[in-house]
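Listed here are the chains, written in short residue letters.
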Amino acid sequence: MSPYVRTVKTASGARAVQIVYSSRRGSREIEHIGSAHDDAELEMLKAIARQRLAAGQEELDLGLDDGPAAGGPLEIASSRMEHLWDALSRAYAALGFDAASAGDEVFRQLVLARVIEPTSKQDSLRVLDEAGITSVSYATVKRRLPLYAADRWRTALAEACAAHARLGPASLVLYDVSTLYFETDAGDGFREPGFSKERRLDPQITIGLLTDASGFPLMVQAFEGNKTETHTMLPVIGAFMTAHRLADVTIVADAGMISEANKQAIEEAGLSFILGMKIPEVPYVVKQWRREHPDTQIPDGHIFIQPWPAAATQSRRDQMIYYQYRADRARRTLRGIDEQVAKAERAVDGQAPVKRNRFIKLTGAAKSVNRDLEAKARELAGLKGYITNLPGVTPAFVIEAYHRLFEIEKSFRMSKHDLKARPIYHHKRESIDAHLTIVFAALAVSRWIEHRTGWSIKKFVRTARRYRTVHIRAGRHRLTAADPLPADLRDALNQIHGREGAH
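Criteria and cut-off values
- Residues numbered from 1 in each chain as written.
- Predicted model: local features only at pLDDT ≥ 70, side-chain atom pairs only at ≥ 80, totals over all residues.
- Heavy atoms only, no water.
- Helix = DSSP H or I, 4+ residues; strand = E, 2+ residues; numbered from the N terminus.
- Contact = heavy atoms within 4.5 Å.
- Areas by Shrake-Rupley, 256 points an atom, 1.4 Å probe, with all protein chains shown as cover.
- Salt bridge = Lys/Arg side-chain N within 4 Å of Asp/Glu carboxyl O.
- Buried < 20%, exposed > 50% of the residue type's maximum accessible area, 1.4 Å probe, protein only.
- Core = buried A, V, L, I, M, F, W, Y, C linked by side-chain atoms within 4.5 Å.
- Arc of directions from axis to C-beta.
- Polar contact = N/O pair within 3.5 Å; in protein donor to acceptor, adjacent residues only side chain to side chain.
- Pairing = 2+ DSSP bridges.
- Axes fitted to C-alpha atoms, helices over the stretch in contact; angles between N-to-C directions.
- Phe/Tyr/Trp six-rings, centres within 6.5 Å; stacked < 30°, edge-to-face > 60°.
- Lys NZ or Arg CZ within 6 Å of the ring centre and 35° of its normal.
- Expected span 1.5 Å × (residues − 1).
- 1 Å grid on protein atoms, 1.4 Å probe; cavity = no way out; pocket = protein on both sides within 12 Å on 5 of 7 lines; lining within 4 Å.
- Points joined across faces, edges and corners; volume = space filled by probe spheres on them.
- Nonpolar A, V, L, I, M, F, W, Y, C, P; charged D, E, K, R; others polar.
- Parallel < 35°, antiparallel > 145°, perpendicular 65-115°, else oblique.

This paragraph deals with the overall build of the chain. If you tally the helices and strands in the chain, you get 17 helices and 16 strands. Put simply, of all contacts in the chain between residues at least 6 apart along the chain, 62% involve residues at least 24 apart. Total accessible area computed for the chain in this model is approximately 26,200 Å², and 50% of it derives from carbon and sulfur atoms.

See the structure below:
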């Protein structure tokens, strides 16, 4: 067996570097090279151990007897997160962001630093330094931020994302909104109190995000914090279609995004849609089925189809409504109804305080349980409505397309948690818009990495950042040291760089 280098932890907490000489008969000898107390010393000792393994070769004259370094520790000239940085740079270039930003190195560094470790713009310089990247000054960063808030800059990035997603007239686009709050007391016309996704009373802004069917971001736009969700969708989609000269796309959105005015405006714009819909009353087709199948439970997964043709006086297309029944959804809903009704009964009997409960009916000072509403709620349990104006599509296609909304929810979670999108350190709208532009680009890079590797961006960054490339100055020579990559990381990097043998 060939000798090899190993690292073991000592009782003092240091890391010892050893060369192990093993024989086929099971005996072995261990040569202790030294103990390291930090990463720099560790890489130096490993380099020395590798040199000693080169037995039988000509001795390399390192020139260590010359100058002040004689007998002292070897100098580390540089240490870099080379694998991680090169992978993120590859994603950035593959998305067309180099061209879209006209090669702006400051923007590239801010975007990639945010993927590595989300923090303030000023602290991003520390992240770059730890990654081994020479960064610009903070003064330069501040000078560049207004450029990143400009519409033309954000449009160029959106065009690059649309080109990467290969959008066409039949493409599905997902839309959803979220909110980002600020720790301030008063609104300023942009940061305003409103309906908070996080149930906070602080001033906030509303973020509208448009993605393709895989959750890859296409456009982000910020709105006043008190603007309702239904007033954000059409401006974002309209701006996106105008910028990319798209005549039609298929909008997929949840019921909460759609007011009647919104749906009408979508129709007037000639757009296709797949929308979730609220069911205020038991649909006629469901009532009819129950009349024809008395004392029979609706089969799990059953889909009711209700055509809604356009009248001769209407300019809209024919529409189709699908109601799907799911037994598991019914079970969860009925359990919630039972809990709410029990609370309502206790409140009516005076055993609990009257709180917000839809099953409590107040008539003057008299309280009662609204049994009619309870009965209707139980009839609707398990039903979910979907409506589309797409011709010739199957119910399965419509429902599957709607369920793709989980991808945009994932993108929002990544933005808020992995990329920490909340602009804590920004107060002016221009700075907030610039911050969101950087987060948007970082989200695109992250989704690209995840798609190529099958890893979460958190796992990829956490794993790849541990493997550094170290350059050591030894006399007149410059040595390169690097730990061997584990197989799974090597495969992931092959997928990113498109190397032969990647699978």
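This next bit is on the pattern of salt bridges. For the coordinates displayed, the defined rule picks out 24 salt bridges. Across the salt bridge formed by Arg-126 and Glu-130, the nearest N and O atoms sit 3.3 Å from each other. Remark: Glu-130 and Arg-126 occur in helix H5 (residues 121–131); sequence separation between them is 4 residues, near one turn of the helix. For Glu-130, a relative accessible area of 35% corresponds to the partly exposed category. With a closest N to O distance of 2.7 Å, Asp-338 and Arg-378 form a salt bridge. Linking Asp-338 in helix H11 (residues 327–348) with Arg-378 in helix H12 (residues 371–380), this pair joins segments that are 40 residues apart in sequence. Overlapping salt bridges, with partners in common, bring together Glu-117, Asp-123, Arg-126, Glu-130 and Arg-465 in one network.

The next point concerns the nonpolar core. In this structure, Phe-97, Phe-107, Val-111, Tyr-148, Val-445, Ile-449 and Phe-460 are the most contacted members of the largest nonpolar core, which totals 118 residues. The leading source of residues in this core is helix H15 (residues 429–453), at 13 residues. Apart from the residues within four sequence positions on either side, Phe-97 is in contact with Tyr-92, Leu-157, Ala-160, Cys-161, Ala-441, Ala-444 and Val-445. Ile-19, Ala-36, Leu-45 and Ala-474 belong to the second largest nonpolar core, which has 15 residues in total.

We now examine H12. Among the residues of H12, Glu-374, Ala-377 and Leu-380 are the ones counted as buried. The buried side chains of H12 occupy one side of the element, clustering within an arc of 130° when seen end-on. Those residues of H12 that are buried lie in contact with H11 and strand E14 (383–388). For H12, the N-terminal cap is Asn-370; the gap from its side-chain oxygen to the backbone nitrogen of Asp-372 is 3.3 Å.

This part is about the pairing of strand E11 (residues 319–325). Working note: regular strand, side chains alternate between the two faces of the sheet. Burial within E11 is extensive, with 6 of its 7 residues counted as buried. The pairing of strand E10 (residues 303–308) with E11 spans 6 bridges and is antiparallel. Across the sheet, Ile-305 pairs through a bridge with Tyr-322, a residue of E11. Two elements, E11 and E14, share 6 bridges in a ladder whose sense is antiparallel. Its bridge partner lying in E14, Tyr-325 is registered against Leu-383.

Attention now moves to the sheet that holds E10. Spatially, 8 strands are ordered E7-E6-E5-E8-E9-E14-E11-E10 in an open sheet, and the strand pairing comes out mixed. Only two strands of the sheet have a single neighbouring strand rather than two, namely strand E7 (217–224) and E10. Averaged over all pairs of adjacent strands, the angle between their axes in this sheet comes to 20°, without regard to strand direction. Against the sheet, helix H10 (residues 284–292) contacts E10, E11 and E14, and its axis sits at roughly 130° relative to E10.

Further remarks concern the packing of aromatic side chains. Tallying each qualifying case throughout the model produces 7 aromatic pairs. Between Tyr-92 and Phe-97, the aromatic rings sit 5.5 Å apart at their centres with planes inclined by 75°, giving edge-to-face as the arrangement. There is no split in this pair, since Tyr-92 and Phe-97 are both buried. Note on Trp-455 and Phe-460: the rings are 6.3 Å apart at their centroids and 65° apart in plane angle, and the pair reads as edge-to-face. Comparing Trp-455 with Phe-460, the two get one shared label, buried. Taken together, the ring pairs in this structure connect Phe-107, Tyr-148 and Trp-153 into an aromatic cluster. In this structure, Lys-459 is placed above the aromatic ring of Trp-455, and the distance from its NZ or CZ to the ring centre is 4.3 Å.

This paragraph deals with helix H7 (residues 151–165). A rise of 1.5 Å per residue sets the reference length of H7, with its 15 residues, at 21 Å; its end C-alpha atoms lie 21 Å apart and thus fit the reference within 8%. On the buried face of H7, the contacting elements are helix H3 (97–100), helix H4 (105–116), helix H6 (138–149), E7, helix H8 (233–244) and H15. Arg-166 sits one or two positions beyond H7 and adopts a positive phi of about 55°.

With the rule as written, the count across this model stands at 2 cavities of 30 Å³ or more. Considered as a void within the structure, the largest cavity measures approximately 130 Å³ in volume. Only strand E5 (172–181), strand E6 (204–212), helix H14 (405–418) and H15 provide two or more residues apiece to the lining of the largest cavity. No other element matches the 4 residues that H15 contributes to the lining of the largest cavity. Within the lining of the largest cavity, the residues separate by chemical class into 10 nonpolar, 2 polar and 1 charged. Its volume calculated, the second largest cavity comes out at about 30 Å³. Contributing elements (two or more residues each) for the lining of the second largest cavity: H4 and H5. In terms of residue count, the dominant contributor to the lining of the second largest cavity is H4 (3 residues). Residue composition of the lining of the second largest cavity, grouped by class: 6 nonpolar, 2 polar and no charged.

What follows covers the packing of H4 against H6. Put simply, H4 and H6 touch, their axes get as near as 10 Å, and they point 90° apart. It follows that H4 is roughly perpendicular to H6 by the angle criterion. Facing Val-106, Phe-107 and Leu-110 of H4, the residues of H6 in contact are Thr-140, Val-141, Arg-144 and Tyr-148. Grouping the constituent residues of the contact of H4 with H6 by class yields 5 nonpolar, 1 polar and 1 charged.

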